[in-house]
Amino acid sequence: MPPTPSDMEEEEIHFSNVITTFRNYAQYSLAANNRRRKDIYRLPHADQEVLEKLGYKQKLDEVDNAIRVNAEFVSQIVANPEIFGHDLQLDGDEGEDTSNGADHPGPAHSHPHAHSHPHASHTHTHSHGSHGAAGQRGKYKPTDFDMDKLRSTLKQFVRDWSEQGREERDACYKPMKDALVEHFSHVPPEERGKLRVLVPGAGLGRLAYDVASMGFACQGNEFSHYMLLASYLILNRTDSIGKYTIYPYVHSFSNVPSRKALLQPISIPDVLPSALPPGANFSLVAGDFEEVYGAEADPDEPQAGEWDAILTCFFLDTAKNIVNYLRIIHRILAPGGVWINLGPLLWHFENNNTNDTSVELDLEEVKALARTIGFELSTERTIDTPYVSNSEGMLSYIYHAAFWTATKI
Ligand SMILES: C[S@@+](CC[C@H](N)C(=O)[O-])C[C@H]1O[C@@H](n2cnc3c(N)ncnc32)[C@H](O)[C@@H]1O
């Protein structure tokens, strides 16, 4: 079903709101840190002196500086939002001007919906339904929910594009890549370009990038504007390793063991995104997985049986209706193809307040469903892994993530 004008309008508004969120990062984050500063003056004088001796105020100044460095990076992510082809009607930036003046394009013209680049082509399709509150055009005040998504995007950079994220990538992406190579071990590496691999919910694109650098034709799919804008910068506008430094951990003072941990600089990227081998085939498609690859996909681009491998990493639990997700994966997988999954079941729509459907199966039920739909599961195991965790923090969640490879019966 093609998007209606009101879907398109909602999409434009949401995109504008995301851009506004990025542009308000500095003001919002500095204000949050300033609250700590103001709270010092509410304390008895003697207590203020003790904190002074500890250097607490000086730490707050260092955090301000780190936020300004982040803001510079964040402003680069949204420096040219018009390339995403949206009709932008943005408010002025109310934050500190930490940019070099290049990020106020004003209303943008419409651009073609697809653009390619030597490193990763980003193709855009409509992705309505991918977001919560869209609101009205006009002045938008980012909520803490919006800012949280932005702060999570900074942490996602650690997972995907930093040296510090290597351990997490080795836990999650490596077994998936190994299973992919194993399944196609009969195909010589120089012929891998004939094999089409899909990575739905690609996040910042590292797994898809790695698969493309192994010689497979790889397409990532993602619908979050935060992720798409951020991955565009890293994949298409980054010309050196370690080009950017960010401070992803300065936004919360809880469970922090030391000032060093709070102010840990992260250098990104750890590899040169343009270093894909010549002839590599790598693309990112923007849009809702169910819309792009599901039954209602563009009849000119039939997806059925088109994908030799589908890699779902921390993705299945983003489903509102897992039955439909698995049906689509089954339908678009080529005969002899493989579906490789790794992830927990943190159902994203459980207890949502947007009246979205949510089906929340347990792991046994998901596996039974996969078998009912026509998959044969093998190499089932559990992989313990964190997700965007701060290895230097005092709190860490470990997921007992389910791994399997599956083929069509
Ligand atoms: C938990 S993250 C995992 C990201 C990445 N696979 C990783 O392992 O780091 C889930 C990702 O799926 C994306 N996503 C969720 N629902 C989607 C949908 N229906 N279509 C496309 N992407 C979706 C989210 O925006 C998010 O980037």
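Residues numbered from 1 in each chain as written. Predicted model: local features only at pLDDT ≥ 70, side-chain atom pairs only at ≥ 80, totals over all residues. Heavy atoms only, no water.

### Here we look at the packing of helix 4 (residues 56–77) against helix 5 (residues 144–161)
And step 1. Here helix 4 crosses helix 5 at 95°, and the two axes come no closer than 12 Å. Comparing the axis directions of helix 4 and helix 5 gives the class roughly perpendicular. For the pair helix 4 and helix 5, contact is made by Asn 70, Phe 73, Val 74 and Ile 77 and by Leu 150, Leu 154 and Phe 157, respectively.
And step 2. When its residues are assigned to classes, the contact of helix 4 with helix 5 shows six nonpolar, one polar and no charged. (Axes fitted to C-alpha atoms, helices over the stretch in contact; angles between N-to-C directions. Helix = DSSP H or I, 4+ residues; strand = E, 2+ residues; numbered from the N terminus. Parallel < 35°, antiparallel > 145°, perpendicular 65-115°, else oblique. Contact = heavy atoms within 4.5 Å. Nonpolar A, V, L, I, M, F, W, Y, C, P; charged D, E, K, R; others polar.)

### Overview of the nonpolar core
And step 1. Core analysis: the biggest nonpolar cluster contains 73 residues, and Phe 157 and Leu 311 have the highest contact counts within it.
And step 2. Tallying contributions element by element places helix 8 (residues 225–236) first for this core, with nine residues.
And step 3. Among the nonpolar cores identified, the runner-up in size contains 29 residues, and Val 292, Leu 326, Ile 328 and Ile 332 belong to it. (Core = buried A, V, L, I, M, F, W, Y, C linked by side-chain atoms within 4.5 Å. Buried < 20%, exposed > 50% of the residue type's maximum accessible area, 1.4 Å probe, protein only.)

### Here's the deal with the site of the ligand
And step 1. Around the ligand sit 19 residues in total, of which Arg 159, Gly 201, Glu 222, Phe 289 and Cys 313 are the nearest.
And step 2. Tyr 173 is positioned with one of its side-chain polar atoms (N or O) 3.1 Å from an oxygen atom of the ligand.
And step 3. Here Phe 223 contributes a backbone N or O atom positioned 3.4 Å from a nitrogen atom of the ligand.
And step 4. Considered on its own, the ligand offers 600 Å² of accessible surface; in the complex 90% of this is hidden by protein.
And step 5. Secondary structure elements with two or more residues in the shell around the ligand: helix 5 and strand 4 (217–222).
And step 6. Here the residues of the shell around the ligand are counted per class, giving nine nonpolar, seven polar and three charged. (Near = heavy atom within 4 Å. Polar contact = N/O pair within 3.5 Å; in protein donor to acceptor, adjacent residues only side chain to side chain. Areas by Shrake-Rupley, 256 points an atom, 1.4 Å probe, with all protein chains shown as cover.)

### So, the confidence of the model for the protein
And step 1. Across the protein, pLDDT averages 88, with 85% of residues at or above 70.
And step 2. Below pLDDT 50 for its whole length, residues 92–119 participates in 57 contacts with residues either more than four positions away or in separate chains.
And step 3. A low-confidence stretch, residues 126–135 (pLDDT under 50), is modelled with 27 contacts involving residues beyond four sequence positions or located in other chains. (pLDDT = per-residue confidence, 0-100.)

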